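Results of the structural survey
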Amino acid sequence: MKFFVDTADINEIRDLADTGLLDGVTTNPSLIAKSGKPFIPLIEEICAVVEGPVSAEVAATDYETMIKEGRKLAKIAHNVAVKVPLTPAGLKVCKELTDAGTMVNVTLCFSPAQGILAAKAGATFVSPFVGRLDDIGNDGLTLIRDLVTIYENYPHFQTEVLVASVRNPMHIIESAKMGAHVATCPPDVIRSLYKHPLTDKGLAQFVEDWKKTGQSIL
Ligand code: E4P
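The text that follows walks through the structure, step by step, so that each part is easy to find. (Residues numbered from 1 in each chain as written. Predicted model: local features only at pLDDT ≥ 70, side-chain atom pairs only at ≥ 80, totals over all residues. Heavy atoms only, no water.)

Attention shifts here to helix 4 (residues 63-74). If you check helix 4, its first and last C-alpha atoms are 16 Å apart, about what 12 residues at 1.5 Å a residue would give, namely 16 Å. Turning to helix 4, its buried residues are Tyr-63, Met-66, Ile-67, Gly-70 and Leu-73. Seen from one end, helix 4 has its buried residues packed into an arc of 130°, which puts them on one side. In helix 4, the exposed residues that point more than 90 degrees away from the buried face are Lys-68 and Lys-72. Here the buried face of helix 4 lies against helix 3 (39-49), strand 3 (54-57), strand 4 (80-85) and helix 5 (88-99). (Helix = DSSP H or I, 4+ residues; strand = E, 2+ residues; numbered from the N terminus. Expected span 1.5 Å × (residues − 1). Buried < 20%, exposed > 50% of the residue type's maximum accessible area, 1.4 Å probe, protein only. Arc of directions from axis to C-beta. Contact = heavy atoms within 4.5 Å.)

Before going further, it helps to spend a moment on the site of the ligand. In the vicinity of the ligand, the residues found are Asp-6, Thr-26, Asn-28, Lys-83, Phe-129, Arg-132, Ala-164, Ser-165, Arg-167 and Thr-184. One of the side-chain nitrogen or oxygen atoms of Asp-6 is found 2.7 Å away from an oxygen atom of the ligand. Between Asn-28 and the ligand, the recorded distance is 2.6 Å, taken from a side-chain N or O atom to an oxygen atom. In the complex, the protein chains occlude 84% of the 340 Å² of accessible area that the ligand would expose alone. Considering only residue class, the shell around the ligand consists of two nonpolar, four polar and four charged. (Near = heavy atom within 4 Å. Polar contact = N/O pair within 3.5 Å; in protein donor to acceptor, adjacent residues only side chain to side chain. Areas by Shrake-Rupley, 256 points an atom, 1.4 Å probe, with all protein chains shown as cover. Nonpolar A, V, L, I, M, F, W, Y, C, P; charged D, E, K, R; others polar.)

A word on the pattern of salt bridges. Under the definition given, this model contains 11 salt bridges. Between Arg-167 and Asp-135 there is a salt bridge, with its nearest N and O atoms 2.9 Å apart. A residue pair is termed long-range when its members are at least 10 positions apart, and Arg-167 in the loop between strand 7 (160-163) and helix 9 (169-178) and Asp-135 in helix 7 (residues 130-135) qualify at 32 residues. With a relative accessible area of 41%, Arg-167 lands in the partly exposed category. Asp-135 gets classed as exposed once you look at its relative accessible area, which sits at 56%. When salt bridges with common partners are traced through the structure, they connect Glu-12, Asp-15 and Arg-191 into a single cluster. (Salt bridge = Lys/Arg side-chain N within 4 Å of Asp/Glu carboxyl O.)

Once that is clear, we can look at a nonpolar patch on the surface. On the surface, Leu-203, Phe-206 and Val-207 cluster together into a nonpolar patch covering about 330 Å² of accessible area. By the element assignment, Phe-206 lies in helix 11 (residues 197-213). (Patch = residues over 30% accessible without salt bridge, like charges linked within 9 Å, V, L, I, M, F, W, Y side chains within 5 Å.)

Moving on: the packing of aromatic side chains. According to the stated counting rule, one finds four aromatic pairs in the structure shown. Between the aromatic rings of Tyr-151 and Phe-157, the centroid separation amounts to 5.8 Å while the plane-to-plane angle is 80°, which identifies the pairing as edge-to-face. In this pair, the class of Tyr-151 matches that of Phe-157, namely buried. Ring geometry for Tyr-154 against Phe-157: centres 5.6 Å apart, planes inclined by 40°, an arrangement best described as tilted. Of the residues examined, Phe-157 reaches a relative accessible area of 14% and is grouped as buried. Three or more aromatic residues joined by ring pairs make a cluster, and in this case those are Tyr-151, Tyr-154 and Phe-157. Over the aromatic face of Tyr-63 sits the side chain of Lys-92, whose NZ or CZ is 4.2 Å from the ring centroid. (Phe/Tyr/Trp six-rings, centres within 6.5 Å; stacked < 30°, edge-to-face > 60°. Lys NZ or Arg CZ within 6 Å of the ring centre and 35° of its normal.)

So, in structure tokens, the structure goes:
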């Protein structure tokens, strides 16, 4: 499973890239607004830090403006994945950019039917929002299972399931069990994956016992 970080905070991105475990980045207009930085130079900066796909979302909702924005974003760096909403206009843009060789992330997917459309439009990634489905009393993970199953049934679908709106480690673990290709997670959720009290306890014991030997490896 690939890990993307869902943030536009360049310091967080640098820090997580340093772990060697980061495969990409996703941003959205809300995260860009939160960063307080100008969009295009920020995406440029992120693309220089992370080799994998960096999602940059269009701002318009009409086809004509979205396609122009998408083409502009695609020129920022070779690893930009243009993010478009799951609307008729968004999927039209998706198909056109995909045909031109650009990676596209179709966002705001909330149903299997929408996921089929995204795959038919040739999306590189589809982003089902598990947390937001949970928030309205649905089971977000059921959507992940449905999408993975559907895509497996049609091997010519090249679209990867990018689990989005991740709120906790269980979203990641359960999605991984289902075979989802990617999870994009807030930085604190990625960091929480390292944690287990028995790891801390066991390490403290080993450090203590090693001291007793009076030895040094180096
Ligand atoms: C991913 O690409 C989305 O931008 C993100 O995961 C949305 O998460 P949220 O529901 O926590 O805002």
